[in-house]
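Breakdown of the fold
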Amino acid sequence: MTIIQAEGLKKTYTSKSGPVHALAGLNLSVPQGTVKALLGPNGAGKTTAVKVLTTLIKPDEGRAHIDGIDVVNNPKAARRIIGASGQYAAVDENLTGFENLEMVGRLYHLGAKTARKRAQELIDQFELTEAGNRPVKGFSGGMRRRIDLAGALVINPKILFLDEPTTGLDPRSRLALWEIITQLVNDGTTLLLTTQYLEEADHLADNIAVIDGGRVIAEGTSDELKAQIGGHRVVVTLVNEADAGSAREILARHGDGAPTVNDRTLEVSVIEGPRALQYVLSDLGQADIQLHDAGMRRPTLDDVFLTLTGHRAEDEPSTNDSEMEKAK
Amino acid sequence: MTALSQPTYESVGSPFAQLLSDGWIATRRNLIKIKRVPEILVFTILQPIMFVLLFSQVYAGAMNVPDYVNFLMAGIFAQTVIFGSTFSGAAMAQDLKDGIIDRFRTLPMSPAAVLIGRTNGDLVINSISMMIMMGTGWLVGWRVTTSVWGFLGGVAVLLLFSYSFSWVMAVLGMSVRSPEVINNASFMILFPLTFISNAFVPIHTMPEVLKNIAEWNPVSALVESARMLFGNTNPEFPEPTAWTLQNPIITVIIGIVVMLAIFVPLSVTKFKSISSR
Ligand SMILES: Nc1ncnc2c1ncn2[C@@H]1O[C@H](COP(=O)(O)OP(=O)(O)OP(=O)(O)O)[C@@H](O)[C@H]1O
Ligand SMILES: [Mg+2]
């Protein structure tokens with residue numbers, strides 16, 4: 001069953017340099033009990049999408065439902081079943097960690113006793129004992145972040161929204177949060193999270209939507225996305241940079257698409273990995289090009305991200321452009 | 001990892017009961033803040049004492065005003081509570097900046113609760129300041145010459161006016177979004193406004209242009225109301241020409257009603273659509 005559904009969301013901001021289409025017809029659909037990751041570069045519209053779904057802003061166009069509730073027309077009902085943590089930790093500096101969580105519980109209308117009990121459970125679970133009894137002011141960013149995340153879990157929400165939840169967390173806290181999230185999802189929570197970390201999307205998400213320019217430009221499991229951008233890649237590192245030109249030709253001959261060159265390292269996507277590698281190596285040997293390293297790798301989500309959002313493709317022409325500018 | 005307990009909802013009753021409960025939770029947050037932020041305590045307790053002592057002891061001799069202490073106190077009360085109301089503006093801007101407004105707005109709470117809590121916070125600060133100032137004033141010779149009712153009326157007028165003004169400041173804080181700008185702007189506007197009034201010197205001693213401004217200045221009406229209710233007016237001063245100053249209590253009541261009628265709904269509407277960046 002689909003529990004989060006967004007259709008044709010549009011949101012345009014006016015800035016000094018003209019209109020910004022933060023959302024330009026965004027569609028999303030998340031089945032109950034699954035984790036969806038929104039992946040995208042800065043300014044892609046991830047936060048804006050989360051804000052619409054968590055009733056913080058109204059879209060200019062489009063509709064969004066969570067658990068059948070229209071978030072635009074019935075925000076209050078939606079707020080009863082969601083937990084949300086925004087991109088920047090939202091805690092009251094002057095309250096202790098415990099007081100922050102208790103306040104959130106009371107404002108969800110848990111009774112006073114339940115709110116206190118819940119606050120204590122979360123303090124323990126997020127290892128916040130230190131921050132529990134002292135005002136948040138003066139605590140590190142990571143600690144605030146964890147209090148804020150705990151705030152999103154006060155009601156064990158049916159639907160959880162986390163905007164870049166692990167930004168600013170140390171690796172240990174990140175792993176701990178992943179564990180908490182995994183357990184919540186096992187218990188039936190549906191999660192929509194945004195992230196800049198491909199590893200995080202890969203690890204947590206059942207389904208990934210790559211967003212750019214306020215739209216979903218690709219969607220699927222991490223394996224599906226990787227498959228979309230081709231199979232294996234052949235990577236060689238040369239001993240002499242002077243050979244780059246001829247090596248590039250050889251890679252182009254056996255590759256599927258144009259090779260990328262990065263100093264002494266060349267890379268090309270290929271259709272059939274092992275065989276292409278053999279051909280490349282034998283041609284390089286014949287051309288008497290010395291290798292420092294050679295191998296084959298599967299595409300990472302990084303490749304997906306960069307290829308789909310066009311940033312790697314843009315890299316080369318834009319350097320060329322600036323060189324041409326200089327030449328003029 | 002500990003298993004999570006499944007929280008249960010408490011029935012919160014009517015929307016009004018919910019508003020009261022949410023409003024109280026939000027108020028409590030601001031009370032804790034008053035307790036924990038030293039600057040607020042200084043502003044609330046030390047500054048009023050300092051003002052009363054400075055004006056009554058240092059200026060009194062130079063002021064050619066008979067019984068200056070009794071003349072002065074209503075002015076200091078008014079200035080202090082008006083500045084006390086600017087906390088709401090700065091605090092709303094700060095909450096937006098900190099992002100905690102986003103947290104509140106994703107909770108199923110009454111949209112007015114945060115504002116109620118905020119303005120209540122100002123009311124508490126102003127009440128404490130008033131008590132401190134009245135105590136200090138009494139020590140330097142300030143006396144209420146009317147009745148208990150006059151006294152209570154004077155206190156009520158000052159606190160209600162400043163309470164309504166907190167709602168105005170809350171709207172400004174949500175619009176301007178910068179606590180620094182709010183603080184600087186309040187200072188730049190309110191400081192002259194409270195000085196070009198009858199708060200510290202009698203209006204008839206001012207040059208013609210300032211006299212006109214001071215007579216129509218709402219702060220003057222507030223100060224004059226308090227003076228009347230406390231029985232601190234001086235019958236030898238010339239009659240004011242502005243209607244607002246001839247009928248200060250009515251003017252202040254109208255001011256309170258108008259501020260509340262406009263700015264309470266306006267700030268709740270505003271709150272329902274704001275989000276930090
Ligand atoms: N309140 C606002 N006023 C004006 N422009 C805005 C506002 N909020 C967002 N934008 C613009 O809308 C676009 C999308 O912003 P959004 O915050 O949704 O991106 P994001 O994907 O979350 O980026 P990031 O990875 O940096 O968090 C950006 O160009 C941003 O500058
Ligand atoms: Mg963002």
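The rules behind the values
Residues numbered from 1 in each chain as written. Chains lettered and ligands numbered in written order. Predicted model: local features only at pLDDT ≥ 70, side-chain atom pairs only at ≥ 80, totals over all residues. Heavy atoms only, no water. Axes fitted to C-alpha atoms, helices over the stretch in contact; angles between N-to-C directions. Helix = DSSP H or I, 4+ residues; strand = E, 2+ residues; numbered from the N terminus. Parallel < 35°, antiparallel > 145°, perpendicular 65-115°, else oblique. Left-handed = near helix turned anticlockwise from the far one by under 90°. Contact = heavy atoms within 4.5 Å. Nonpolar A, V, L, I, M, F, W, Y, C, P; charged D, E, K, R; others polar. Salt bridge = Lys/Arg side-chain N within 4 Å of Asp/Glu carboxyl O. Buried < 20%, exposed > 50% of the residue type's maximum accessible area, 1.4 Å probe, protein only.

Topic: the packing of helix α10 (residues 244-254) of chain A against helix α11 (residues 273-286) of chain A
Residue and element names in this part refer to chain A. Direction vectors running N to C along α10 and α11 enclose 150 degrees, while the axes themselves pass 10 Å from each other. By the angle class used here, α10 and α11 are roughly antiparallel. Classified by chirality, the crossing of α11 by α10 is right-handed. In this structure, α10 uses Ala247, Ile250, Leu251, Arg253 and His254 to contact α11, whose residues at the interface are Ala276, Tyr279, Val280, Asp283 and Leu284. Partitioning the contact of α10 with α11 into residue classes produces seven nonpolar, one polar and two charged.

Considerations on the environment of A:Leu149
All names here are of chain A. Mapped onto the fold, Leu149 is located in helix α6 (residues 141-152). Distance from Leu149 to Glu99, taken between C-alpha atoms, is 15 Å for residues 50 residues apart in sequence. Not counting residues up to four positions away in its chain, the partners in contact with Leu149 are Ser85, Phe126, Leu162, Pro165, Leu169 and Leu177.

Let's talk about the packing of helix α4 (residues 86-98) of chain B against helix α8 (residues 179-195) of chain B
All names here are of chain B. Following both chains from N to C, one finds α4 and α8 inclined at 160 degrees, their axes separated by 8 Å at the closest point. Classified by the angle between their axes, α4 and α8 sit roughly antiparallel to one another. Note on packing geometry: the crossing formed by α4 with α8 is right-handed. When α4 is examined against α8, the residues Thr86, Gly89, Ala90, Ala93, Gln94 and Lys97 are found in contact with a partner set consisting of Pro179, Glu180, Ile182, Asn183, Ser186 and Leu190. Partitioned by chemical class, the residues of the contact of α4 with α8 number five nonpolar, five polar and two charged.

Here we look at the pattern of salt bridges
A side chain with one charge may pair with a side chain of the opposite charge, provided their charged atoms come close. Evaluation of the coordinates by the stated rule reveals 23 salt bridges over all chains. With its nearest N and O atoms 3.9 Å apart, the salt bridge here joins B:Asp102 to A:Lys51. Taken together, the positions of B:Asp102 in helix α5 (residues 100-105) and A:Lys51 in helix α1 (residues 46-53) put the pair across two chains. Summarising the burial analysis for this pair, B:Asp102 and A:Lys51 share the class buried.

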